[in-house]
Amino acid sequence: MFYMTPSFYSFSSNYYCAFLKLYCETRNLANAKKLHCLIIKAFRNPETFLLNNLVGSYAKLGNITYARKVFDHIPQPSIYSWNTMLSSYSKMGLVPEMERVFYAMPTRDVVSWNSLISGYAGCGSIVQSVKAYNLMLNDGSFNLSHITFSTMLILASSQGCVQLGRQIHGHVVKFGFRSYVFVGSPLVDMYSKSGLISCAMQAFDEMPEKNVVMYNTLIKGLMRCGKLEDSRRLFYDMKDRDSITWTTMIAGFTQNGFYREAIDLLGEMSLEKLEMDQYTFGSVLTACGSVMALQEGKQVHAYIIRTDYKDNIFVGSALVDMYCKCKCIESAETVFKKMTRKNVVSWTAMLVGYGQNGFSEEAVRIFGDMQKYGVEPDDFTLGSVISSCANLASLEEGAQFHGRALVSGLISFLTVSNALVTLYGKCGSIEDSHRLFSEMSFRDEVSWTALVSGYAQFGKANETIRLFESMLANGLKPDRVTFIGVLSACSRAGLVEKGNKIFESMVKEHGIVPMQDHYTCMIDLFSRAGRLEEARDFIHKMPFNPDAIGWATLLSSCRFYENMEIGKWAAEFLLELEPHNTASYILLSSIYAAKGKWEEVARLRKGMRDKGLKKEPGCSWIKYKNKVHIFSAHDRSNPFSDEIYSELEKLYHKMIQAGYVPDMNSVLHDVEDSEKIKMLNHHSEKLAIAFGLIFIPPGLPIRVVKNLRVCGDCHNATKYISKVTQREILVRDAARFHLFKDGKCSCGDFW
């Protein structure tokens, strides 16, 4: 409440001005108006000094209308009065009003000109700013000040106008302002932001005096240009460093991928007992997440809890992101739930974390929660949730997000359109994927790679290669992921020579050093085609040994082609590399089982039991009415189990009549054939397909996802199921996508 005693009316203007200052600091417009009323009562003719303060106070409190009314009632406005009104319009970006005041002024000084230039610069108008600057020079160089040059340099920097910046630099030297550090910092910043780091360093060296702001500006510029050693040298040459200096270095190391250096530097900063802010914590948490430095991340979190930043939305989002990248999803959830305020960045961090850690369903769920709280997604959020739908092979939900992208206009963002191309490709709708790709007004490397990978998943090698060649013809540079898609397509189609040629071009023509995944593709290329000796020779020539996936790929083909010699060789390496990996035992057992060597199968099983190893249980899932139904072999937990097993029995008889022969080699047990058939018929993917046949309406494809690779019998059986039911069945397993239609599979004979 505003109270005044009668004696208050006898106070001088200075007392009123002191209260006006207080109300500006506390953003109290109501009390400022009450004080104005008292001033009118206390003074018949208030001093111009007091009225000027009223004008400035109203402007600072955002009421420009009252400010102008007070200004218009000043009997004899001084140049300070005019400048106060002019500056108010300038700061609020009211350019027409600013111009009217400026040209109505009886006299002008350096403040007047600087206000005019600042008003234009604040609106990003280079033309008007330069015009005002030239008029100022014509009026006399005595009008120039360090504020003039600082404003013009900041404008040139923000608009990327290097030529203007160079001209202003010349005037700085010409008119003797080179020694002003207030001018030096924006000058260095202008050159560094323009990529002219050598000019920035030269401007820095020529400054006779330097303060910490100039050092910080140059360090930031050097970091932006990737000159880390120069930044480090300058940092340690500084006599005085503030918290901004340390934060700039930590952020620079993080942005340039030197995450460990960023984490170590935070340790040094803590010894200096300097205050850390949200940018310090945000940068170092990003570094911790990038190298999965969980312990260091927890230490930073513990430190944050003791500061005022424990409820900071920026820091909270960074913590969620760090824990997600370190695969501590529960810790991320705890931080997220405790955040008192959340924005789109916070929600997106949690959503992306779920998606990256295999919790795609949770990612879709949290998107719905985000909408309930009224937080509008940005392109990155929408792209991420679409990617989660792709991982779930949930075309229906993905299509809904497609509609949202169209309505919101976010489909124009590459992040969203690329995710949609990937979604339709992963869900088996490659035609829709290609149509979306064709409709994109702009495509980048990710767009092309998404479509290439989509075709590759279906084993459509010719289409994949044509796309790859079109990508090159359009001047786009393929990356490592692109080559993985092309090589895998060649592998699935048995195009050994073509794949070999593409692998060689990756190194010789595109300068891409092959990674483990590329070598695995090549092992798969030779192995799948039955050229196991060539696969072994290729492995001998590799610069490093294959990883577990590479050995398992070779071993799987050895099982298919019943090559015991190379299979045992691959199994030995796989067991040495991952002694607790059950894949080597299972695959080698299947080779022995195919040869009828049940003693060897028993020996391998005993070895697994002795080591406490268990085969990862296979499971398949299918989505129906927004609910995921999960099945395992011989599963009877589903409420519709009786109908499912009845459907499987009917299917089996129809498939037998159509020519289906059960693959007994897929059963690794020494039991009667009748028992083997029963075991085969109740595999998880067959149960999921039967569920789909019962509940998915005719005309719609049945989409099944499996955590392991589809076994040989299930692959063959699904071809017959598609034939006898005339249904389109899409199965995505741990390795690839299978589209079954009219008794054929998209992967052809090289599945």
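This write-up is about the structure you can find in this document. (Residues numbered from 1 in each chain as written. Predicted model: local features only at pLDDT ≥ 70, side-chain atom pairs only at ≥ 80, totals over all residues. Heavy atoms only, no water.)

### Let's talk about the sheet that holds strand E6 (residues 744-745)
Next, step 1: Here we have six strands laid out as an open sheet, ordered E2-E1-E3-E4-E5-E6, and mixed in their pairing. Both outer strands of the open sheet, strand E2 (627-632) and E6, are each paired with one neighbouring strand and no more.
Next, step 2: The pairing of strand E3 (residues 702-706) with strand E4 (residues 729-732) spans four bridges and is classified as parallel. Note on E4: the bridge partner recorded for Arg703 is Leu730. (Pairing = 2+ DSSP bridges. Helix = DSSP H or I, 4+ residues; strand = E, 2+ residues; numbered from the N terminus.)

### A word on unusual backbone geometry
Next, step 1: A positive phi angle is found at Glu562, which is not glycine, with a value near 55 degrees.
Next, step 2: Looking at the element boundaries, Glu562 is found in the loop between helix H33 (548-560) and helix H34 (564-577).
Next, step 3: Look at Glu562 and you get partly exposed, because its relative accessible area is 34%.
Next, step 4: Although it is not a glycine, His634 sits at a positive phi angle of roughly 60 degrees.
Next, step 5: Mapped onto the elements, His634 comes out in the loop between E2 and helix H37 (641-657).
Next, step 6: A relative accessible area of 41% places His634 in the partly exposed class. (Buried < 20%, exposed > 50% of the residue type's maximum accessible area, 1.4 Å probe, protein only.)

### Let's talk about helix H13 (residues 212-224)
Helical geometry note: an α-helix holds 3.6 residues per turn, so side chains three or four residues apart project in the same direction.
Next, step 1: Taking 1.5 Å of rise per residue, the 13 residues of H13 would be expected to cover 18 Å, and the 18 Å separating its terminal C-alpha atoms lies within 8% of that figure.
Next, step 2: Residues of H13 that are buried make contact with helix H11 (181-193), helix H12 (197-206), helix H14 (228-237) and helix H15 (243-255).
Next, step 3: Directly after H13, the chain includes Gly226, whose backbone phi takes a positive value near 80 degrees. (Expected span 1.5 Å × (residues − 1). Contact = heavy atoms within 4.5 Å.)

### Digging into the environment of Leu187
Next, step 1: Checked against the element boundaries, Leu187 lands in helix H11.
Next, step 2: Given a relative accessible area of 3%, Leu187 falls into the buried group.
Next, step 3: C-alpha separation for the pair Leu187 and Arg559, spaced 372 residues apart in sequence, amounts to 69 Å.
Next, step 4: Setting aside chain neighbours within four positions, we find Leu187 in contact with Leu153, His169 and Ala203.

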